[in-house]
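Observations on the three-dimensional arrangement
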Amino acid sequence: MRIAIPLVQGKLSLHFGHCDQFAIFDTDEDSTKIANREDFTPPAHEPGVLPKWLGGMGVNVIIAGGMGQRAQQLFEQNEVKVVVGASSGTPEELVSAFLQDTLQTGDNICDH
C-alpha cells in the first residue's frame, strides 16, 4: 500500500492543496510497518491535477487535514482512498496509526 501525506515545512498540511511536498510511504500491510518514505514536490495546484498525479504514482490512500468535496470525488475516481480530519503528528506517526487502525480523525477543516 502507498500512502501520501501532504506537507508544509515537513509537517501535515491542514489543506492538501496548499502543500509544498508530499511524503509518500510504501508500507507492508501484513506487518503494519513503513518500508520506505520519499518526498516529492507536486505539480502546480489546479483542479484535478493532484489526484491524477498521485494516482499515477500508485498512491492508494491520502491522509489530509482537510479537503474539498470535489477533490475527494476526484481522488475516489482515481481509486485513492481519502482520509480527512487528521491533525497533529509526524507523517510517520500518522501512517503508523492508519496502518494500526488507530488514526484519530476529526472534522474536515475544508469547506469547499
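The structure under discussion appears in the preceding block.
What comes next is a walk through the structure. Note that this is a predicted model, so its numbers are computed, not measured. (Residues numbered from 1 in each chain as written. Predicted model: local features only at pLDDT ≥ 70, side-chain atom pairs only at ≥ 80, totals over all residues. Heavy atoms only, no water.)

**Remarks on the side chain of threonine 27**
In plain terms, the rule: Secondary structure elements follow DSSP: runs of H or I of four or more residues count as helices, runs of E of two or more count as strands, with numbering from the N terminus. What makes two residues a contact is simply this: any of their non-hydrogen atoms within 4.5 Å.
Here threonine 27 is to be found in strand E3 (residues 21-28). The residues touching threonine 27, leaving out its near neighbours within four places in the chain, are Met1, Ile3, Lys33, Ile34, Ala35, Val95 and Leu99.

**Some points on the packing of helix H1 (residues 49-56) against helix H2 (residues 69-77)**
Filter applied, for reference: With axes taken as lines fitted to C-alpha atoms, and helix axes fitted only over the stretch in contact, angles between N-to-C directions fall between 0 and 180 degrees. Any angle between 65 and 115 degrees counts as roughly perpendicular, while under 35 counts as roughly parallel, over 145 as roughly antiparallel, and the rest as oblique. Note on convention: the crossing is left-handed when the near helix lies turned anticlockwise from the far helix by less than a right angle, right-handed when the turn is clockwise. Polar here means any residue other than Ala, Val, Leu, Ile, Met, Phe, Trp, Tyr, Cys and Pro, which are nonpolar, and Asp, Glu, Lys and Arg, which are charged; Gly is therefore polar.
Interhelical geometry of H1 versus H2 gives an angle of 30° and a closest axis separation of 9 Å. It follows from the interaxial angle that H1 and H2 lie roughly parallel. Handedness of the H1/H2 crossing: right-handed. Where H1 abuts H2, its residues Leu50, Pro51 and Leu54 lie against Ala71, Leu74 and Phe75. Of the residues assigned to the contact of H1 with H2, the class counts are six nonpolar, no polar and no charged.

**Comments concerning helix H3 (residues 91-99)**
Under the convention used in this document: Only protein chains enter the calculation, and the probe is 1.4 Å; a residue is then buried if its accessible area is under 20% of its type maximum, exposed if over 50%, and partly exposed in between.
Within the span of H3, buried status applies to Pro91, Leu94, Val95, Ala97, Phe98 and Leu99. The elements touched by buried residues of H3 are strand E1 (2-8), strand E2 (11-12), E3, strand E4 (33-40), strand E5 (61-64) and strand E6 (81-84). Backbone geometry just after H3 places aspartate 101 at a positive phi near 60°.

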